[in-house]
Every structure is written in structure tokens, then in C-alpha cells.
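Read off the chains here:
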Amino acid sequence: MTRPLSIAYSPCPNDTFVFDALAHGRVPDAPELAVTFADIDITNGLAERGELDVLKVSYAVLPWVLEEYALLPCGGALGRGCGPLVLTRQPGGAADLAGKTVAVPSERSTAYLLFRLWLAAEVPGGVGEIVVLPFHEIMPAVRDGKVDAGLVIHEARFTYQDYGLHCLADMGEHWERTTGLPIPLGAIIAKRSLGEPVLRELAEAIRTSVRMAWDDPEASRPYVLEHAQEMDPKVTDQHIGLYVNEFTADLGEDGYAAVRGLLTRAAAEGLVPPLGRDALTFV
């Protein structure tokens, strides 16, 4: 490449940990990056408009963007015990959500897709209004009574009790119990027009960046903490430990099965368009 690749990912610790070495030119012979930080709802929109070369997006948005973008087999977020949570001010059960207002981080987020699948099974009457908020605003909105419940992601699983909130349901727990598969959350995609050699080079560079971060976690710490939005360093470490795992280095058979399983189930519920047979194939 004769120009830097434009890329957008979140300021969350898992993304800055994964991309630190690559973003700072420490991966030998890797493409140069021009980095933008953006919330997942923003990056999903950028992908739908085809505005950048490389993006961290929700797996839920893939059916709308895979004609222009290829799913990279690394760099994303899948795992176990790391699913989105539904939080409320008072303890309760699924039936308590019927007709209520729920804040979500994006209507094209994987969290929302998992939530919709859970709702179909557990709250047949559905909820009332859905309000989209940046994920860091959701817990304060629930605490302050602006919404009845909130669907939260990322480090909120470690901090929601600090807001006096209760976990009504764990979307990941429901997914794992009903499928046996890891939870697909965030994907790395790149424009197919970059060409197969660049896509392969980029994927290998991301894998190397992940391995470098694992080999020397302290090297990434300044970058992680700089963008962690005043997050407690202990929470930062928990966040990285949960969301950066073997699936980040390589999706593998279980990872691809989880992604296809999520999008196939969602398509059957009419939540997303159906995937083409080879849509997830990497170059």
C-alpha cells in the first residue's frame, strides 16, 4: 500500500490492546494505519456507508456490509462468559420487561441481536420503546430513571453494581446454554477492494499485534490507559482478559460456527437478511 489504511475501532481496552503494536508501527512490514476512535454505533454506520478501509463492527451488521467488506479471521471479540447484560434498578425477572423502555448501544449491535433472540424466547409480548444511547451513558440513564432497563456491554459487566443496578438477565448465558457456542460480539472487516494480498497481509499483521501484546502487556499499557475513559486499571485488565482470547488470534472452527449460528438464527427471526453461502469466507 502506498497510503495508510483508514481504520476505526473503539477506545475500549480490548481494541487498544489488540491494535497497539500495529497502530504504532512496531509490527514489521505491516501496513501503516490512520486510526480513528469511534463508538460501535458509529463504526457500524461507517461500514454501511463504506467510508473506511478497516473497521471494528458488530457481528450483527455483517449481513448488510459483506458485499463490500470481508470478515477478517482475527482481531475481533468472541468468548465465553462475556455476553451483554440487561440491567434494572430493582431485581426482577424477564416478564418485568414487558412494555418497558430499554436503552441499547445500537440497533445494529450484536448485543441488540442477542437481546432480540432472548426476548423472543423469554418475553413473548416484547418490550416497549427502544432507545439508542452510547454505551457509557446507559447505566447512568437506568440509575437515574430515564429508562426502565439498559442493555450493557464491555466493562459494564464489572461495574454495574457501582451504580446500584441489578442484572436481570445475561444474554451470553442464554446464548451459550442454547447453542453451546462462544458469544460473537465484535468483528474486524476490511474492504474487499484492497485486494487479496493486502487483506492477507493485514490479517497477519493483526495476529502479530495480538501476540506482541500478549508477550509484553506492559508495552500496550500507556495506549490502553490513555483511551480507557478514566477506567480503573484493574477493570481494564479484567476487560482485556475477558475479551482478548484465542478467538482474537484466530476465529477457528468454533468462532465461525458461532458467527454463522447467530446470523442464521437472526435471519430466521426476520431480524437480518440471510447470509450468502460463502459470505463469511476470507479471500
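Before any of the text, the structure's been laid out above.
Keep in mind that this is a model prediction, so the values were computed, not measured.

**A look at unusual backbone geometry**
Then, in step 1: Positioned with a positive phi, D29 is a non-glycine residue whose angle comes to about 60°.
Then, in step 2: Checked against the element boundaries, D29 lands in the loop between α1 (13-23) and β2 (33-37).
Then, in step 3: Exposure remark for D29: the relative accessible area of 73% places this residue in the exposed category.
Then, in step 4: If you check the backbone angles, V283 has positive phi at about 25° while not being a glycine.
Then, in step 5: Looking at the element boundaries, V283 is found in the segment after α12 (252-268).
Then, in step 6: The exposure class assigned to V283 is partly exposed, which follows from its relative accessible area of 33%.

**Comments concerning the sheet that holds strand β6 (residues 85-88)**
Then, in step 1: Across the sheet, 5 strands lie side by side as β8-β7-β9-β6-β10; this open sheet has mixed pairing. One side of each edge strand has no neighbouring strand; the edge strands of this open sheet are β8 (130-132) and β10 (166-170). The sheet shows a mean angle of 30° between the axes of neighbouring strands, direction not considered.
Then, in step 2: Pairing of strand β7 (residues 102-104) with β8, which is carried by 3 bridges, proceeds in the parallel orientation. Its bridge partner lying in β8, A103 is registered against V131.
Then, in step 3: Contacts from helix α5 (residues 135-143) reach β6, β7 and β9 (149-152) within the one sheet, and its direction differs from that of β9 by about 160°.

Analysis parameters
Residues numbered from 1 in each chain as written. Predicted model: local features only at pLDDT ≥ 70, side-chain atom pairs only at ≥ 80, totals over all residues. Heavy atoms only, no water. Helix = DSSP H or I, 4+ residues; strand = E, 2+ residues; numbered from the N terminus. Buried < 20%, exposed > 50% of the residue type's maximum accessible area, 1.4 Å probe, protein only. Pairing = 2+ DSSP bridges. Axes fitted to C-alpha atoms, helices over the stretch in contact; angles between N-to-C directions. Contact = heavy atoms within 4.5 Å.

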